[in-house]
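Here is what each chain is made of, one letter per residue.
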Amino acid sequence: MPADLNDYFNKKNGNSNRNTRQNFNFKTPEFNFKGFGKFSPLVYTLIIIVLIFVLAKPFAIVNEGEMGIKVTTGSYNPTPLKSGLHFFVPVFQKIIIVDTRQRQMTYTSLDSGNEILQTGTGIINRNSIPVLDKDGLTVLVNITIKYNLNPTQVPNTIANWNLNWENKIIDPTVRNIVQSVIGQYTAETLPANRNAIAELIREGVTKTVSSLDNEPVHLQSVELREIVLPPRVKEQIEKVQIAKQEAVRAVQEAIRKATLAEGEANATIISSKGKADAIKIEAQAQAFANKEVANSLNNPLLNLKQIEVQGKFNEALKSNPDAKIFLTPGGVVPNIWVDTKDIKKQSSANLN
């Protein structure tokens, strides 16, 4: 390129740069770092500590009803941490918080068919336990267990059984005991022996859990809620129960009729006895009266009666001279018959 052209473009670019610097003249802000350099290591250290504390969070809060377990490089400290604020060394240590409040596991008929854990409540719902009876029929058992971890043994329990301790201690124990007890009965006899079965299950679960090393779990209750029988067996039991109820009603009706008949018989006996007693009393009264009459018939009285009869006899002879006297054998007072020749005037008189 010719020299004159180079000079032309250089001059032009120079002018352009001058104009640009004139139009865009920025001033660099001035910062006053006076005194900052003196305290910068302390500030930096504090900032780093706060960041570590926030990000690493080397502390844990244990609430009431919980226990903490401090784990150092995989080893569980045997002394549980009670409620409060506890610190640990990040990376090398951690704190596991375990709920020691009462928990509940319920075996029942679930619509979804899946286990349900109500978060924060310690309530676990599981499907009914299927077991075989003495004859090999499948029955379903609904049961509720209430329990809690032994607070003093929490580190040992978690170390031995892990955080999944419920599925290793409670669940298999309950299933084994229920199968063992139900297997002693036939399905037909289960309803009649429900109370005995409930007691056997409670004793079996309690004994098994209590026999574990360090007593990891405390049982509060083991409640048998329901035994669900196969439909065929249930129908048979209902038929038997209906037949028993009808038999009981028949017996009650027979007893009622027997009681009524017995009452009527007793009434008849009482009535007959009353009549007999009345007749007896009347006879006794008559006998007493006769006795009194007989006792009153003494010689003076008989002589008086004889005089009265004799008087009547004399009166009769006056009116009828042909009268005849007949004496009754064994009698004291004679009977008199009047015999007259005139048939029209015949008459008789009894002087008794």
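Located above this text is the structure these notes cover.
Let us look at the structure shown here.

Criteria and cut-off values
Residues numbered from 1 in each chain as written. Predicted model: local features only at pLDDT ≥ 70, side-chain atom pairs only at ≥ 80, totals over all residues. Heavy atoms only, no water. Buried < 20%, exposed > 50% of the residue type's maximum accessible area, 1.4 Å probe, protein only. Helix = DSSP H or I, 4+ residues; strand = E, 2+ residues; numbered from the N terminus. Pairing = 2+ DSSP bridges. Axes fitted to C-alpha atoms, helices over the stretch in contact; angles between N-to-C directions. Parallel < 35°, antiparallel > 145°, perpendicular 65-115°, else oblique. Left-handed = near helix turned anticlockwise from the far one by under 90°. Contact = heavy atoms within 4.5 Å. Nonpolar A, V, L, I, M, F, W, Y, C, P; charged D, E, K, R; others polar. Core = buried A, V, L, I, M, F, W, Y, C linked by side-chain atoms within 4.5 Å. Phe/Tyr/Trp six-rings, centres within 6.5 Å; stacked < 30°, edge-to-face > 60°. Expected span 1.5 Å × (residues − 1). Arc of directions from axis to C-beta.

### Some details on the pairing of strand β2 (residues 66–72)
Right, so step 1: Most of β2 is tucked away: 6 of the 7 residues are buried.
Right, so step 2: Strand direction decides the pairing type here: β2 and strand β3 (residues 75–76), joined by 2 bridges, are antiparallel. Counterpart to Val 71 in the pairing with β3 is Tyr 76.
Right, so step 3: Between β2 and β3, which pair antiparallel and follow one another directly, the connecting turn spans 2 residues, one of which, Thr 73, has a positive phi of 45°.

### Topic: the packing of helix α4 (residues 165–182) against helix α5 (residues 194–210)
Right, so step 1: Look at α4 against α5: their axes get within 9 Å of each other, and the N-to-C directions meet at 140°. Judged on the interaxial angle alone, α5 and α4 are oblique. Here α4 runs over α5; the crossing is right-handed. Facing α4, whose interface residues are Thr 173, Val 174, Ile 177, Val 178, Val 181 and Ile 182, α5 presents Ile 197, Leu 200, Ile 201, Gly 204, Val 205, Thr 208 and Val 209.
Right, so step 2: Tallied by class, residues from the contact of α4 with α5 come to 10 nonpolar, 3 polar and no charged.

### Focus on the nonpolar core
Right, so step 1: The biggest cluster of nonpolar side chains holds 41 residues, and the ones touching the most others in it are Ile 143, Val 174, Val 178, Ile 182, Ile 197 and Ile 201.
Right, so step 2: Take this core: its biggest share by element is 8 residues, from α4.
Right, so step 3: Setting aside its immediate chain neighbours within four residues, Val 178 contacts Ile 129, Val 131, Val 141, Ile 143 and Ile 201.

### Points about the packing of aromatic side chains
Right, so step 1: This structure, assessed with the given rule, holds 2 aromatic pairs.
Right, so step 2: Ring geometry for Tyr 147 against Trp 165: centres 5.9 Å apart, planes inclined by 90°, an arrangement best described as edge-to-face. In this pair, Tyr 147 sits in strand β10 (residues 138–149) while Trp 165 sits in helix α4, placing the two residues 18 residues apart along the sequence.

### Description of unusual backbone geometry
Right, so step 1: The backbone phi angle of Val 91 is positive, close to 75°, even though this residue is not glycine.
Right, so step 2: Topologically, Val 91 is positioned in the loop between β4 (84–87) and β5 (93–99).
Right, so step 3: What makes Val 91 exposed here is its relative accessible area of 82%.
Right, so step 4: Backbone geometry at Glu 215 places phi at a positive 45°, although glycine is not the residue there.
Right, so step 5: The topology assignment puts Glu 215 in the loop between α5 and β11 (217–228).
Right, so step 6: Residue Glu 215 is classed as partly exposed on the basis of its relative accessible area of 43%.

### Points about the side chain of Arg 103
Right, so step 1: On the secondary structure map, Arg 103 appears in strand β6 (residues 103–108).
Right, so step 2: In this view, Arg 103 contacts Gly 122, Ile 124, Ile 145, Lys 146, Tyr 147, Trp 165 and Glu 166; residues no more than four positions away in its chain are not counted.

### Regarding α5
Right, so step 1: A rise of 1.5 Å per residue sets the reference length of α5, with its 17 residues, at 24 Å; its end C-alpha atoms lie 24 Å apart and thus fit the reference within 8%.
Right, so step 2: Of the positions making up α5, those classed as buried are Ile 197, Ala 198, Ile 201, Gly 204, Val 205 and Val 209. Around the axis of α5, the buried residues are gathered within 135° of arc, so they sit on the same side. Those residues of α5 that are exposed and aimed more than 90 degrees away from the buried face are Asn 195 and Lys 207.
Right, so step 3: Buried positions along α5 lie against β10, α4 and β11.

### Observations concerning the sheet that holds β3
Right, so step 1: Spatial strand order, β3-β2-β5: 3 strands in an open sheet with antiparallel pairing. The sheet is open, and its two borders are formed by β3 and β5, each paired with just one other strand.
Right, so step 2: Sheet strands in contact with helix α3 (residues 154–161) are β2, β3 and β5, and its direction is about 60° off that of β2.

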